[in-house]
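Reading the structure
Given next are the chains, with one letter for each unit.
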Amino acid sequence: IIIASSALAFSQVPQRPLVEHFTQASCGPCASQNPVLKQTLDAFGDANYVRVSHQVSWPGTDPMNAAFPGGPEDRRNYYGVTGVPNACLNGGAAGAPNTVVTANTLGAAAANTTPYDITVTQTWADANTVTVNIDVTNTTGQPASDANRIFVSMIEKHVDYGTAPGSNGEVEFECVMRQMYDATNGNPDATTGAALGTIAAGATQNYSFTITNLPSYIFDK
């Protein structure tokens, strides 16, 4: 990691597309459209994007939203999402998932560059204690202030209920956001993120915190 950072010290780095997916376990259209979104992302390559699924509170029952409603609600409000399924790519406008997220739009998003190189590591002391270390490096020769917030989300990669938890028949859910943390102190429910100030040329802003009480609703730690 140190060698790679040094090699990129004065250049922009490729951006990894961020897909924010708004869905719900009792949303009928979600059941038919979500598999298409998964196929598109699988074809693009798991290592080539970041996906966060926000399980919203409507139109019916959704235990994932009931467990952590604050994060999905704040993200929904941020983008002005009023219906599901919905998606945003790289913080852009919300729209139908399989229109916003396609092979072409993902490729275009991946062609963008950013001054920020972000490395996240997690170290487990036991099944309930994890230390998270985040390095945000400005890889350019100029101060970087393009981003003013840092958000830390805990994602459960795959949730399998066995039987449908809502009314639309979906049993399995991908990349479900389970909690959000304050990067500066590790406090949970930090749905509005934390301030990310100007980072000097070639410098690294570090955040480190330990979570000692993981959410009880996590299926697979």
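All of these numbers come straight from a predicted model, not from anything done at the bench.

Digging into unusual backbone geometry
With an omega of 20 degrees, the peptide bond running from W58 to P59 counts as cis. Locating P59 in the fold gives a position in the loop between β3 (50–55) and α3 (63–67). Of note in the backbone geometry, N90 takes a positive phi value of approximately 55 degrees without being a glycine. Take N90: it is sitting in the loop between β4 (86–89) and α5 (97–100). Judged by relative accessible area, N90 falls into the partly exposed class, the value being 29%. Here the phi dihedral of C175 falls at roughly 55 degrees; this positive angle occurs in a residue that is not glycine. Mapping C175 onto the fold places it in strand β10 (residues 172–181). The buried category is assigned to C175, whose relative accessible area is 6%.

Let's talk about the sheet that holds strand β7 (residues 129–138)
The pairing of strands in a sheet comes from backbone hydrogen bonds and takes either a parallel or an antiparallel form. Across the sheet, three strands lie side by side as β6-β7-β12; this open sheet has antiparallel pairing. Two strands bound the open sheet, and with one partner strand each, they are β6 (116–126) and β12 (204–211). This sheet shows a mean twist of 10 degrees between the axes of neighbouring strands, independent of strand direction. Alignment of β6 against β7, held across ten bridges, turns out to be antiparallel.

Examining the state of the cysteines
Under the definition given, this model contains one disulfide. Here C27 engages in a disulfide with C30; their sulfurs sit 2.3 Å apart. Judged by the torsion about the S-S bond (90 degrees), the C27/C30 disulfide is right-handed. Comparing C27 with C30 shows no difference in burial state: the two are buried. The cysteine C88 is free of any disulfide, with C30 supplying the nearest cysteine sulfur at 14 Å. Not part of a disulfide, C175 finds its nearest cysteine sulfur in C30, a span of 15 Å.

Remarks on the nonpolar core
Core analysis: the largest hydrophobic core is formed by 19 residues, its most contacted members being I134, V136, I150, Y207, F209 and I211. The element that contributes the greatest number of residues to this core is β7, accounting for four residues. In contact with I150, other than residues within four places in its own chain, are I134, V136, A183, G193, A194, A195, L196 and Y207. Listed in part, the ten residues of the second largest apolar core include V19, Y49, L89 and V101.

Some thoughts on the confidence of the model for the protein
Counting all residues, the mean pLDDT for the protein is 94, and 95% of those residues have values of 70 or more. Scored below 50 in pLDDT, residues 1–9 makes seven contacts in the model with residues more than four places away or belonging to other chains.

What about the environment of F209?
Here F209 is to be found in strand β12. On the accessibility criterion, F209 (3% relative accessible area) is buried. With 106 residues separating them in the primary sequence, F209 and A103 have C-alpha atoms 36 Å apart. Ignoring any residue separated from it by four or fewer positions in sequence, one finds F209 in contact with V130, T131, V132, I134, V152, Y181, D182, A183, N185 and G186.

Quick word on helix α2 (residues 28–44)
Along its 17 residues, α2 runs 26 Å from first to last C-alpha, staying within 8% of the 24 Å computed at 1.5 Å per residue. At N34, α2 shows its maximal kink, close to 30 degrees; a proline, P35, follows between one and four residues later. Among all positions in α2, only C30, N34, L37 and L41 are buried. One or two steps after α2, the chain reaches G45, where phi turns positive at roughly 110 degrees.

Cut-offs used in this document
Residues numbered from 1 in each chain as written. Predicted model: local features only at pLDDT ≥ 70, side-chain atom pairs only at ≥ 80, totals over all residues. Heavy atoms only, no water. Helix = DSSP H or I, 4+ residues; strand = E, 2+ residues; numbered from the N terminus. Buried < 20%, exposed > 50% of the residue type's maximum accessible area, 1.4 Å probe, protein only. Pairing = 2+ DSSP bridges. Axes fitted to C-alpha atoms, helices over the stretch in contact; angles between N-to-C directions. Disulfide = S-S within 2.5 Å. Core = buried A, V, L, I, M, F, W, Y, C linked by side-chain atoms within 4.5 Å. Contact = heavy atoms within 4.5 Å. pLDDT = per-residue confidence, 0-100. Expected span 1.5 Å × (residues − 1). Bend = angle between axes of the 7 residues up to and from the residue.

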